[in-house]
Amino acid sequence: MREVAIVGIGQTKHSGKRDDTFQDLIMETTRLVLEDAQTTIDKIDAVVFSMAPDALIGTVHAERWIADTMGAQGKPCMRVNTGGVSGLSAVQVAYYHIASGMFDTVLVIGADRVGESGDAQTILNRIWDPIYERALPLNTITMLAMSAIRFMEKYGATEEHMALVSVKSHNNAMLNPNAHIRKRVTVEDVLKSRMIAYPIKLLDSCPKTSGGCALILTAKDNVKSFPNKPAWIRGIGHSSETYWMGDRLGLKLDNEHGDHADSIALTRAAWQAYKAAGIKDPRREIDVAELYAPFSNIELHAVQDVGLCDYGEAHKLLEKGWFDIDGEMPVNPSGGVLCANPIAATAMIRVAEAALQVTGRAGGHQVEKAKRALATGIGGDHQFFGAVVVEAD
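Source: prediction; values computed, not measured.

Engineer: Could you give me a rundown of the packing of aromatic side chains, with the residues and numbers involved?
Structural biologist: One pass over the structure, following the stated rule, counts four aromatic pairs. For the pair Phe22 and Trp65, a centre-to-centre distance of 5.9 Å together with 20° between the ring planes defines the contact as stacked. Of the two residues, Phe22 is situated in helix α1 (residues 22–37) and Trp65 in helix α2 (residues 62–65); the sequence distance between them amounts to 43 residues. The partly exposed category is assigned to Trp65, whose relative accessible area is 35%. Look at Tyr95 and Tyr96: their rings are 5.9 Å apart centre to centre, the planes differ by 70°, and that puts the pair in the edge-to-face class.

Engineer: Go over the sheet that holds strand β3 (residues 77–80), please, and point to the residues and values.
Structural biologist: The strands making up a sheet associate through backbone hydrogen bonding, with each pair oriented either parallel or antiparallel. The strand order across the open sheet built from nine strands is β3-β2-β4-β7-β1-β8-β11-β10-β9, with neighbouring strands paired in mixed fashion. The two strands at the open ends of the sheet, each matched to only one other strand, are β3 and β9 (288–290). Put simply, the sheet's adjacent strands are angled 25° from each other on average, direction ignored. Where strand β2 (residues 46–50) meets strand β4 (residues 105–113), five bridges bridge the pair, whose relative direction is parallel. The partner of Phe49 across the bridge, within β4, is Ile109. The strands touched by helix α8 (residues 264–277) are β8 (231–240), β10 (372–379) and β11 (384–391); relative to β8, the strand with the most contacts, the crossing angle is about 150°.

Engineer: Now, about the pattern of salt bridges: what can you tell me, with residues and values included?
Structural biologist: For the coordinates displayed, the defined rule picks out 21 salt bridges. One salt bridge in this structure joins Glu391 and Arg372, with 3.1 Å as the shortest N-O distance. You can see Glu391 sitting in strand β11 and its partner Arg372 sitting in strand β10, a full 19 residues away along the chain. Neither Glu391 nor Arg372 differs from the other in exposure class; each is buried. Overlapping salt bridges bring together Glu3, Lys220, Arg234, Glu285, Arg372 and Glu391 as one network.

Engineer: Report on α1, specifying residues and quantitative values.
Structural biologist: It helps to recall that an α-helix has 3.6 residues per turn; residues three or four apart then point in one direction. Over its 16 residues, α1 extends 23 Å from the first C-alpha to the last, a length consistent with the 22 Å expected when each residue adds 1.5 Å. Every buried residue belonging to α1 is among Phe22, Leu25, Ile26, Thr29, Thr30, Val33, Leu34, Asp36 and Ala37, and all of these are buried. Projection of α1 onto a plane perpendicular to its axis shows the buried side chains occupying an angular sector of 165°, all on one side. Considering only its buried residues, α1 is in contact with β1 (4–11), β2, α2, β4 and β7 (210–219).

Engineer: So what's going on with the environment of Phe226? Residues and values would help.
Structural biologist: For Phe226, the location among the structural elements is in the loop between β7 and β8. Classification of Phe226 by relative accessible area gives buried; the value is 11%. Along the sequence, Phe226 and Asp24 sit 202 residues apart, while their C-alpha atoms lie 26 Å from each other. Ignoring anything within four residues of it in the chain, the contact list for Phe226 reads Val7, Ala37, Thr39, Thr105 and Thr218.

Engineer: Give me the lowdown on unusual backbone geometry, citing residues and values where you can.
Structural biologist: Pro199 follows Tyr198 through a cis peptide bond whose omega is 5°. Its location among the elements puts Pro199 in the loop between β5 (195–197) and β6 (200–201). The phi dihedral of Gln38 is positive, around 50°, even though this residue is not glycine. Relative to the helices and strands, Gln38 is located in the loop between α1 and β2. By relative accessible area, Gln38 is classed as exposed at 62%. With a phi angle near 55°, Asn332 is a residue other than glycine that sits in the positive phi range. Inspection of the secondary structure assignment puts Asn332 in the loop between α11 (314–319) and α12 (343–358). Judged by its relative accessible area of 2%, Asn332 falls in the buried class.

Engineer: Please give an account of empty space enclosed by the protein that cites residues and values.
Structural biologist: In the structure shown here, the tally under the stated rule is four cavities of 30 Å³ or more. Quantified by volume, the second largest cavity comes out at close to 60 Å³. As for the second largest cavity, its lining consists of Gln11, His14, Asn176, Asn178, Ala179, Ser334, Gly336, Ala340, Ile349, Arg350 and Glu353. It is α12 that provides the largest number of residues to the lining of the second largest cavity, a total of three residues. Residues of the lining of the second largest cavity, tallied by class, amount to three nonpolar, six polar and two charged.

Engineer: Quick one: what's the story with the state of the cysteines, residue by residue and with numbers?
Structural biologist: The full count for this structure, using the stated rule, is zero disulfides. Cys339 forms no disulfide, and the closest cysteine sulfur to it belongs to Cys206, at a distance of 10 Å. Residue Cys339 is classed as buried on the basis of its relative accessible area of 1%.

Engineer: I'd like to hear about the pairing of β4, residue by residue, with values.
Structural biologist: Among the nine residues in β4, nine count as buried, and that is most of the element. Neither face of β4 is open: one carries Thr105, Leu107, Ile109, Ala111 and Arg113, the other Val106, Val108, Gly110 and Asp112, and all of them are buried. The pairing of β4 with β7 spans nine bridges and is antiparallel. For Leu107, the partnering residue across the bridge sits in β7 and is Ile216.

Engineer: Give a detailed account of the environment of Leu88, specifying residues and quantitative values.
Structural biologist: Within the secondary structure, Leu88 is located in helix α3 (residues 86–99). Accessibility expressed as a relative area gives 0% for Leu88, which makes it buried. In contact with Leu88, other than residues within four places in its own chain, are Ala347, Met348, Val351, Ala375, Thr376, Gly377, Gly386, Ala387 and Val388.

Rules behind the numbers
Residues numbered from 1 in each chain as written. Predicted model: local features only at pLDDT ≥ 70, side-chain atom pairs only at ≥ 80, totals over all residues. Heavy atoms only, no water. Phe/Tyr/Trp six-rings, centres within 6.5 Å; stacked < 30°, edge-to-face > 60°. Helix = DSSP H or I, 4+ residues; strand = E, 2+ residues; numbered from the N terminus. Buried < 20%, exposed > 50% of the residue type's maximum accessible area, 1.4 Å probe, protein only. Pairing = 2+ DSSP bridges. Axes fitted to C-alpha atoms, helices over the stretch in contact; angles between N-to-C directions. Contact = heavy atoms within 4.5 Å. Salt bridge = Lys/Arg side-chain N within 4 Å of Asp/Glu carboxyl O. Expected span 1.5 Å × (residues − 1). Arc of directions from axis to C-beta. 1 Å grid on protein atoms, 1.4 Å probe; cavity = no way out; pocket = protein on both sides within 12 Å on 5 of 7 lines; lining within 4 Å. Points joined across faces, edges and corners; volume = space filled by probe spheres on them. Nonpolar A, V, L, I, M, F, W, Y, C, P; charged D, E, K, R; others polar. Disulfide = S-S within 2.5 Å.

This is the structure:
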């Protein structure tokens with residue numbers, strides 16, 4: 001397999017609504033990544049398009065609508081949809097295209113206009129089994145509220161710890177000009193914000209974001225054709241969980257952490273990526289992490305699942321500033337999903353931000369001496385999990 005690097009990164013400014021069309025958003029995102037890589041669309045061999053549920057933009061099979069706009073005419077084009085992890089899955093598909101020798105340079109692109117989709121949760125409620133589980137009713141908030149309650153019961157975390165995650169993310173987003181939500185909040189602000197589904201409150205929750213992200217990946221032999229310092233993809237992993245929410249509650253799967261407080265599938269995905277990257281102790285060998293966490297409680301279990309701290313330790317280290325941008329293990333220095341969530345692009349943004357960190361291009365939210373980074377994604381009903389390790393050298 002050939003070595004693969006990220007040599008171009010394009011990310012729009014994220015917002016609630018836009019005054020243009022979805023095609024315009026795709027065109028802007030494509031232009032940004034081509035400009036960053038100082039290349040042209042004719043140098044791209046194939047396109048991988050990340051697209052979450054069609055209903056969020058109101059056009060079925062949107063890849064047909066915007067194929068010309070993203071430069072796919074006359075080229076192989078593949079759409080990837082694994083829910084919220086689609087953007088990271090699309091990066092993995094592009095990696096395989098290049099590592100296998102099929103293509104040399106691939107454009108990966110994703111965008112969404114969630115801010116204009118009306119009630120996104122009504123749309124996302126349709127992912128559930130219509131007989132046994134949809135009637136609860138479940139959506140992407142209530143299902144994770146159950147996870148939050150189980151986490152609090154199992155490890156002794158509190159709503160205040162969730163609020164600390166939100167405060168950290170919002171503070172970081174103030175340093176990121178592309179973030180959708182750029183507003184400082186306090187623990188008191190979070191605790192007093194509107195209850196959505198106990199214990200998740202409004203300021204524990206991600207926004208409905210419109211925006212896009214794109215990456216250009218290329219084989220090692222072509223890296224010198226691009227001006228940017230490459231971010232090498234050293235490890236990738238992916239794992240899936242059962243579809244049935246009821247089958248995750250209170251059960252012991254592979255180990256003692258295999259219930260709904262944690263995610264054993266995220267652990268599997270991360271360790272697949274670590275193994276490929278030669279990482280044996282992520283707590284010491286990872287410098288920065290961009291973890292997919294659309295609600296504050298998800299970050300608490302994710303840092304444990306990917307081995308950045310021990311089980312039961314996340315909320316205690318959080319109190320000490322361990323995961324702050326200048327802490328021992330910076331997590332989501334970009335502000336993370338809590339401050340920008342254009343669903344089809346969100347997990348790709350995690351990879352993009354990780355690549356920016358290791359190449360020293362993250363600007364105001366740059367982590368000092370970051371050389372190796374982890375990015376993760378979560379999709380479906382907390383069912384599909386992906387991980388990517390990138391490094392500078």
